[in-house]
Amino acid sequence: MSHHHADHDHAHHGSDLSPIEARVRALESLLTEKGYVDPAALDALVELYETKVGPHAGARVVARAWVDPEFRARLLADATPAIAELDIGGRGGEHMVVVENTPETHNLVVCTLCSCYPWPVLGLPPVWYKAPPYRARAVIDPRGVLVEFGVTLPETTRITVWDSTAETRYMVLPMRPAETRGFTEDALAALVTRDSMIGTGLPKALPVAPVEASV
Amino acid sequence: MNGAQDLGGAQGFGPVVPEPDEPVFHAAWERRVFAMALAMGYTGAWNLDGSRAARESLPPAEYLASSYYAIWLKALETQITATGLATPAEMQSGKAAEPAKPVARTLARDGLEARFRAGFPSSRAADAPARFAVDDAVIARNIHPTGHTRLPRYVRGKRGRIVRVDGVFVFPDTSAHGAGENPTWLYTVAFTAQELWGEDGDPGGIVTVAAFEPYLEPA
C-alpha cells in the first residue's frame, strides 16, 4: 500500500471517518482505480507544496534585491526571468510582477475573486488571504486592514492595492530595514516575512543591539 | 457571474484573523483534495479557468459557508461529473462501476517537481496589435456575464488608466467554458480609490486590476 494512508492509519473503518474524510477517501480510491491519478504523485505534490515551496524563496529574492542594485532593476523591470536567476519559478508564478515599497507608496496584494497568490515565492496562501474578510476589505479599506495586521502607515504614505484578477502574480519588495548595512544576504533574508511580501506586514525589526558590557 | 466569489468591497465579514504559525494544511483530507485537484487538472479534462468557474458556481450561501478546500472538493466533484469521468454514485461508493474514460495525460511522480517548477504559462503569441497603451484613459465596461469572468463588479463602469500592457493571455471568459483560449491582450488598469468608493475611498489610494481588452473601452 502506498504511504499516503499514513495520514489516517488510525481509521480502519469508514465509521471512524468524518463525512468529509470519507468522501475524500472514496474519491481518491475511485480516481486511482480509474487510473486518473497516481497516489504516489499526489504524495509528491503535497510534499512539494507543504515542505519545499514557501516564503523562504521570496525572502531570497528580496534579500538579493537589497544587496544587488542591478538585480533589483531587472526584478522590477521583468520579474519572472529575474526570479528564475535564483532557480525559483513554476506553477502560480509564471507571470510575476514585483512592486516596490517606498516611503511614498506602500503596496498590498489581494485576490478579490479567488485566491491567486505567487506560489513559487510565497508557497500556498494562508487561510486569511483566501477568506472573505480580507478579499472584501483590502480594496475598500486597505489602511484599516493594515492596522489589523499591526501596520500603521504615515498618512503621507499612499497605498496601492494590486487585485490579482488574471494570471499575473504580485510580490511586494519591502523597504530594507535601517541599520542593516553590511548584513549578509542570508541575514537579510531572515528579516523578510511572508506578510512583508504580501504587503500586510513589514520586515522584522532588528533585535535591540546588546548594550556594551560594563562589568 | 455576479456570484459570491466577487467579494471586493463587500462589508460585514468582520476583521481579518491571521492564524499564528499557520500550517500549510489544516487536515489530512485537505492535502488529498489539493493534490487531486491539481492532478485532475493536469489530465486536461478541464482547465484552471473551468475550475474557478466551477468553484464560484456554488450557490452563494454554500460558497460562503464552505471552507476553502471544501469548495475545491465540491467543484472537483462537479467537474468530474460534468466531464463524464465518473458518476455521483461511483464517487459515493468509491468504486468504479463504469470503465474509465481516456484522458490526455496523467501526472506521474517521476519528473513531477521539475514540471511544477517549470510552470504552465498562460501567455500566448499576439496575433493583433494592442488596442490600448500605457497612460490611456479607459472605462471598465458595465457588463454582467452570467458565465465566468475576471472583471470584478467594483470596477465596472469606473474610469481608470492603463499602467502596464501585460501581454496576450488565455481569455478566461471563453476558456472556462470550453469555448477556446481566444488569446487576448491583458492590461493593468489603475483606478483611484475615490473613483471606486467616492468620499469613502482612502485619500491618494490606488487600486489596480488586471483587465482583458474586451472588459475595457476608451474613456
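Residues numbered from 1 in each chain as written. Chains lettered and ligands numbered in written order. Predicted model: local features only at pLDDT ≥ 70, side-chain atom pairs only at ≥ 80, totals over all residues.

**Examining the overall build of chain B**
Alright, step 1. If you tally the helices and strands in chain B, you get eight helices and five strands.
Alright, step 2. In terms of principal-axis extent, the alpha carbons of chain B reach across some 55 × 45 × 35 Å.
Alright, step 3. For chain B, buried positions account for 39% of its 219 residues. (Helix = DSSP H or I, 4+ residues; strand = E, 2+ residues; numbered from the N terminus. Buried ≥ 20, exposed ≤ 12 C-beta atoms within 10 Å, placed from the backbone.)

**Points about the sheet that holds strand E5 (residues 216-218) of chain B**
Alright, step 1. Overall, mixed pairing links the seven strands, which are arranged E2(A)-E3(A)-E4(B)-E3(B)-E2(B)-E1(B)-E5(B) in an open sheet. The open sheet terminates on both sides in strands that have one partner only, identified here as strand E2 (105-110) of chain A together with E5 of chain B. Neighbour-to-neighbour, the strand axes of this sheet turn through a mean angle of 35°, independent of strand direction. (Pairing = 2+ DSSP bridges. Axes fitted to C-alpha atoms, helices over the stretch in contact; angles between N-to-C directions.)

**Quick look at the domain arrangement of chain A**
For an interface, size is often stated in terms of accessible area lost upon the parts coming together.
Alright, step 1. Segmenting chain A into domains produces domain 1 (17-51) and domain 2 (56-198).
Alright, step 2. Averaged C-alpha coordinates put domain 1 of chain A and domain 2 of chain A at centres separated by 32 Å. (Domains from an automatic or database assignment.)

**What to know about the domain arrangement of chain B**
Alright, step 1. For chain B, the domain assignment lists domain 1 (28-118) and domain 2 (137-218).
Alright, step 2. Of the residues in the side of domain 1 of chain B that touches domain 2 of chain B, the class split is one nonpolar, two polar and two charged. (Nonpolar A, V, L, I, M, F, W, Y, C, P; charged D, E, K, R; others polar.)

**A look at the packing of helix H1 (residues 19-33) of chain A against helix H1 (residues 28-42) of chain B**
Alright, step 1. Look at H1(A) against H1(B): their axes get within 10 Å of each other, and the N-to-C directions meet at 35°. The hand of the H1(A)/H1(B) crossing is left-handed. Between H1(A), through A:Ile20, A:Glu21, A:Val24, A:Leu27, A:Glu28 and A:Leu31, and H1(B), the contact on the second element is made entirely by B:Trp29, B:Arg32, B:Val33 and B:Met36.
Alright, step 2. Split by residue class, the contact of H1(A) with H1(B) holds seven nonpolar, no polar and three charged. (Left-handed = near helix turned anticlockwise from the far one by under 90°. Contact = placed C-beta atoms within 7 Å.)

**Quick notes on the confidence of the model for chain A**
Parts of the model with low pLDDT should not have their predicted coordinates read in detail.
Alright, step 1. Averaged over every residue, the pLDDT of chain A is 92; residues scoring 70 or more account for 89%.
Alright, step 2. Of the regions scoring below 50 in pLDDT, residues 1-11 of chain A engages in 13 contacts with residues more than four places distant in sequence or in other chains. (pLDDT = per-residue confidence, 0-100.)

**Quick word on the packing of H1(B) against helix H4 (residues 68-82) of chain B**
Residues and elements named next belong to chain B.
Alright, step 1. Where H1 contacts H4, the two axes come as close as 9 Å, and the packing angle between them is 40°. Classified by the angle their axes make, H1 and H4 are oblique. Considering the relative orientation of H1 and H4, their crossing is left-handed. The segment H1 lies against H4, with Glu 30, Val 33, Phe 34, Met 36, Ala 37 and Met 40 engaging Tyr 69, Trp 72, Leu 73 and Leu 76. (Parallel < 35°, antiparallel > 145°, perpendicular 65-115°, else oblique.)

**What to know about the confidence of the model for chain B**
Alright, step 1. Overall, the prediction assigns chain B a mean pLDDT of 98, with 100% of residues at 70 or greater.
Alright, step 2. Complex prediction metrics read pTM 0.94 and ipTM 0.98.

**Looking at the pairing of strand E1 (residues 137-140) of chain B**
Looking down a regular strand, the side chains alternate between one sheet face and the other.
Residue and element names in this part refer to chain B.
Alright, step 1. On E1, burial follows the alternation: Val 138 and Ala 140 on one face are buried, whereas Ala 137 and Ile 139 on the facing-out side are not.
Alright, step 2. In this structure, E1 lies alongside strand E2 (residues 159-169), joined through three bridges in antiparallel fashion. Bridge pairing links Ile 139 to Arg 159 in E2.

**A short note on the interface of chain A and chain B**
Alright, step 1. In this assembly, 64 residues from chain A lie in contact with 75 residues from chain B.
Alright, step 2. Elements supplying a minimum of two residues to the side of chain A that touches chain B: H1, helix H2 (39-52), helix H7 (127-130), helix H8 (132-137), helix H9 (142-148) and strand E3 (158-163) of chain A.
Alright, step 3. Looking at the side of chain A that touches chain B residue by residue, the classes come out as 35 nonpolar, twelve polar and 17 charged.
Alright, step 4. Judged from the four bridges that link them, E3(A) and strand E4 (residues 206-212) of chain B form a sheet pairing that is parallel. By the bridge assignment, A:Val161 is partnered in E4(B) with B:Val207.

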